[in-house]
Amino acid sequence: MNALAIENLSHSFGTRQVLQNVSFTVAEGRMCILLGRNGAGKTTLFSLITGLYYARTGLVRVFDMAMQANPSAALAQMGVVFQLPTLDLDLTAGENLRYHAALHGLPTKLSKARSREELSRLEVLDRIDDRTCALSGGQRRRVEIARALMHGPRLLLLDEPTTGLDVPGRRALEQHVRDLCRERGIAVLWATHFLEEVAADDDVVVLDRGRVCWAGPADRIAPELGVGSVAEAFALLTGSP
Amino acid sequence: MKVDHALRALDGILRREMLRSLRQRARLFSAMVRPLVWLAIFAAGFRSVLGLSITPPYQTYVLYEVYVVPGLAAMMLLFHAMASSLAMVYDREMGSMRLLLTAPLPRWYLLAARLLASVIVGLPLVYLFLFVARFWDVRPPIMGYVAVLPALVLSGLMLGAFGLLVSSMSTQMENFAGVMNFVIFPMFFASTALYPIWRLAEAGPVLATIAAWNPFSSAVELIRFALYLRFDMVSMLVVVACLAAFFLAAVAGYDPGRGLWSRRGGEG
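The text that follows walks through the structure, step by step, so that each part is easy to find. (Residues numbered from 1 in each chain as written. Chains lettered and ligands numbered in written order. Predicted model: local features only at pLDDT ≥ 70, side-chain atom pairs only at ≥ 80, totals over all residues. Heavy atoms only, no water.)

## Here we look at the interface of chain A and chain B
Facing 38 residues of chain A, the contacting portion of chain B comprises 35 residues. Regarding the contact of chain A and chain B, the summed buried area is about 3300 Å², with carbon and sulfur atoms giving 59% of it. The tally of links between chain A and chain B comes to four salt bridges. Measuring nitrogen to oxygen at the nearest pair gives 3.7 Å for the salt bridge that ties Arg20 of chain B to Asp90 of chain A. Remark: the boundary between chain A and chain B carries ten residue pairs in polar contact (both at pLDDT 80 or more). Contributions of two or more residues to the side of chain A that touches chain B are made by β1 (2-13), α1 (42-49), α2 (71-76) and α3 (93-103) of chain A. Counting residues per element, the side of chain A that touches chain B draws most heavily on α3 of chain A, which supplies five residues. Here the side of chain A that touches chain B is composed, by residue class, of 15 nonpolar, 15 polar and eight charged. (Contact = heavy atoms within 4.5 Å. Buried area = accessible area lost by both parts, 1.4 Å probe. Salt bridge = Lys/Arg side-chain N within 4 Å of Asp/Glu carboxyl O. Polar contact = N/O pair within 3.5 Å; in protein donor to acceptor, adjacent residues only side chain to side chain. Helix = DSSP H or I, 4+ residues; strand = E, 2+ residues; numbered from the N terminus. Nonpolar A, V, L, I, M, F, W, Y, C, P; charged D, E, K, R; others polar.)

## Side note on the sheet that holds strand β3 (residues 31-35) of chain A
All names here are of chain A. Strand order in the open sheet made by the six strands is β6-β7-β8-β3-β9-β10, with mixed pairing throughout. Both edges of this open sheet fall to β6 (78-81) and β10 (211-217), since each of them pairs with a single strand only. Taking the axes of each pair of neighbouring strands and ignoring which way they run, one obtains an average angle of 15 degrees across the sheet. As paired elements, β3 and strand β9 (residues 203-208) share four bridges and run parallel to each other. The partner of Ile33 across the bridge, within β9, is Val204. Each of β6 and β7 (155-159) touches helix α5 (residues 137-148); the most contacted strand, β6, lies at about 165 degrees to it. (Pairing = 2+ DSSP bridges. Axes fitted to C-alpha atoms, helices over the stretch in contact; angles between N-to-C directions.)

## Structural notes on the sheet that holds strand β4 (residues 57-62) of chain A
All names here are of chain A. Pairing in this open sheet of four strands is antiparallel, and the strands run β2-β1-β4-β5 from one edge to the other. Across the chains shown, the open sheet's two edge strands, defined by having one partner strand only, are β2 (16-27) and β5 (65-66). When β1 meets β2, the two strands line up antiparallel, connected through eight bridges. Among the inter-strand pairings, Ala5 is bridged to a residue of β2, identified as Thr25.

## With respect to the environment of Met236 of chain B
Residue and element names in this part refer to chain B. By secondary structure assignment, the location of Met236 is in helix α11 (residues 233-253). When the C-alpha atoms of Met236 and Leu222 are compared, they prove to be 6.2 Å apart, with 14 residues separating the residues in sequence. Setting aside anything within four residues of it in sequence, one finds Met236 in contact with Leu154, Leu222 and Phe231.

## Some thoughts on empty space enclosed by the protein
What the rule picks out here adds up to seven cavities of 30 Å³ or more. Of the voids in this model, the largest cavity is the one considered here, and its volume is about 90 Å³. For the largest cavity, the full set of lining residues is Glu17, Arg20, Ser21, Gln24, Arg27, His80, Ser84, Ala87, Arg114, Ser118 and Val121 of chain B. For the lining of the largest cavity, the secondary-structure elements that each account for two or more residues are α1 (3-23), α3 (64-94) and α5 (107-132) of chain B. The residue inventory of the lining of the largest cavity, partitioned by class, reads two nonpolar, five polar and four charged. In this model, the second largest cavity occupies a volume close to 70 Å³. For the second largest cavity, the full set of lining residues is Leu75, Met78, Gly79, Val80, Phe82, His100, His104 and His151 of chain A together with Leu99 and Thr102 of chain B. Considering each element in turn, the lining of the second largest cavity owes the most residues, three residues, to β6 of chain A. (1 Å grid on protein atoms, 1.4 Å probe; cavity = no way out; pocket = protein on both sides within 12 Å on 5 of 7 lines; lining within 4 Å. Points joined across faces, edges and corners; volume = space filled by probe spheres on them.)

## So, the nonpolar core
In globular proteins that are soluble, nonpolar side chains generally tend to be buried together. Membership of the largest hydrophobic core comes to 122 residues, with the highest contact counts inside it found for Leu4 and Leu189 of chain A. In terms of nonpolar packing, the next biggest core, distinct from the first, is built from 38 residues, Leu35, Leu87, Val143 and Ala148 of chain A among them. (Core = buried A, V, L, I, M, F, W, Y, C linked by side-chain atoms within 4.5 Å. Buried < 20%, exposed > 50% of the residue type's maximum accessible area, 1.4 Å probe, protein only.)

## Quick word on the packing of aromatic side chains
The final tally for this structure, using the stated rule, is 16 aromatic pairs over all chains. Their ring planes at 15 degrees and their centres at 4.6 Å tell us that Phe131 of chain B and Tyr145 of chain B sit as a pair that is stacked. Placement of Phe131 of chain B in helix α5 and of Tyr145 of chain B in helix α6 (residues 142-169) is noted, with a sequence separation of 14 residues between them. Among the residues examined, Phe131 of chain B registers a relative accessible area of 42% and is labelled partly exposed. By the ring-pair criterion, three or more aromatic residues cluster together here, those being Trp38, Phe42, Tyr58, Tyr64, Tyr67, Phe79, Phe185, Phe188, Phe189, Phe216 and Tyr228 of chain B. In this structure, Arg170 of chain A packs its charged tip against the face of Phe194 of chain A, placed 3.8 Å from the ring centre. (Phe/Tyr/Trp six-rings, centres within 6.5 Å; stacked < 30°, edge-to-face > 60°. Lys NZ or Arg CZ within 6 Å of the ring centre and 35° of its normal.)

Following this line, the structure appears as C-alpha cells:
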C-alpha cells in the first residue's frame, strides 16, 4: 500500500501557478526525497498534503484516505516537521510534546511516557524540562521530530528539516530519520535542496517550477539520464548550473 | 470526532494557554494595572465633572467609579481578546499555528477550544480587578460576583471571537497597530463603558446611535446588570448573536479553501 499518493495536484495563488499536475507516490516504509530548488513548490505541496491549503485540483491520499474527504483520519496518520520552526518557545521541550500529544488525543500517562521515550531516542532527554528558547537549532529540530512521532504516525513529512544546521548536525538528523524509517517502517517524505542528503536506496522525486520532472529510485536517476551522479542529473533536469 | 479525544485536546490547549499566560508576567501585570489606572486616575478626575442620573440597574445615584467598573471589566476582556488575537497572528508568523491546524480534529472545534481556553485564562484577572475595586467603594452584592460569571464568559467569548476574526484577516503583526487605532479604541470609547448613553446623546445623536449599536456596549450592559443581580435580555441576545456571527466568520477565515492562507503564497 502507498503511504502517500499525490494525483494530478495543481495549485495557484491568484494567477501565479505554483504546482502543475503533480503526481507521485511514497511507498510504505520507504524514504522518499523530494528534491527541488528554492521556490520549486515544495512548501506549497506540504501545505496541501497537510490540509493547510485546500487542494481544488487533484487528490492527496494518505493510506488510501482522501485528505479532502476525511482530513482528520488522514492527519492522524501523519507526523509533520515544517520548514519554519513550530515549537512554542514559552514552553519546555516536554510541554511542547505533551501539547502535541493532547491534540492527537493521547492520555496524559501515555503522553508523559512517550515524550521521554522519543526525546531519549533523539538524544535530547536531558533538555526535557528546559524551555525550547534555550535550545540550540539542532536540538530544537530534534525536539520537533520527537514531537512529530508522539502519536505513532505511519507517515513522516519533513520540510527542509536540516536548514540552518551545521554539517554534523545535518548528518546526525538524517541518520536518526533513516533509523526510524528502517526500525519502525515509517514512510518518510523529506523535502530538501541539499543533493548530498540523497542516499542510493532512497526514492527521489525531482520538483522544478511546480512540476515533477523525475520520480523513481535514486540509484536509477543518473544511469537513466546518462550522467555520472545525482547532482549532474538534478542540474540537467532543472537547468541549474 | 471522539469525545475523549476532543476533551484531551481542549485540556491540552487550555494548559498551554495557562502556562504561556503565567510565564508572560509583564503581560499579566499590565493587564491588571491598566484598569486600575483607569479607576484610580481617570475615574477620580471624571467623578467631579460627570454627574450621573439614576439609570438601571442602579436604583440610586452612584459614584462614577461604580458606574465605570463594569465597563473596565469588559475592557479587560476586550484587551485580553486582542492580546490573544495578536498571539494567534504571532503563532501564525512563527509557524506554531500550523501545529494546531494540522491536528486531526475539525478546524471549527480547534478554534472554539482555543477561544474558550483564552476566555478561561482571562477570567481570574477580571475577578481580581472586581475584588480590588471594592477598595474604591465599588461593592456590588456578593451574589453579583456569581451572577456575573456567565455574563463575563459570554462577553469574553464574543470579544474573543471578534479577535479570532481579526486574526484570520491579519497578514502580519504590524497590522495590529491599525486594528488598535481604527477598531479597538473606537469600539471602547464609542460604547457605554465610560459614559451612559444619555450622556453620549447630549454630545451628539450620531455617537449615541453608534454606542447603542456597538456590540461592546451590549457586553458592558450584560456585565453591569448581572453584577447587580439583574438580567438584560436584549444585551444577552445581541452578545449571543454577535458571538455566533463573529465565530462563523472566523471559521470561514481559517478555512483552507476560503481563508487568507490559501490565497497567500507559502515560503517556497
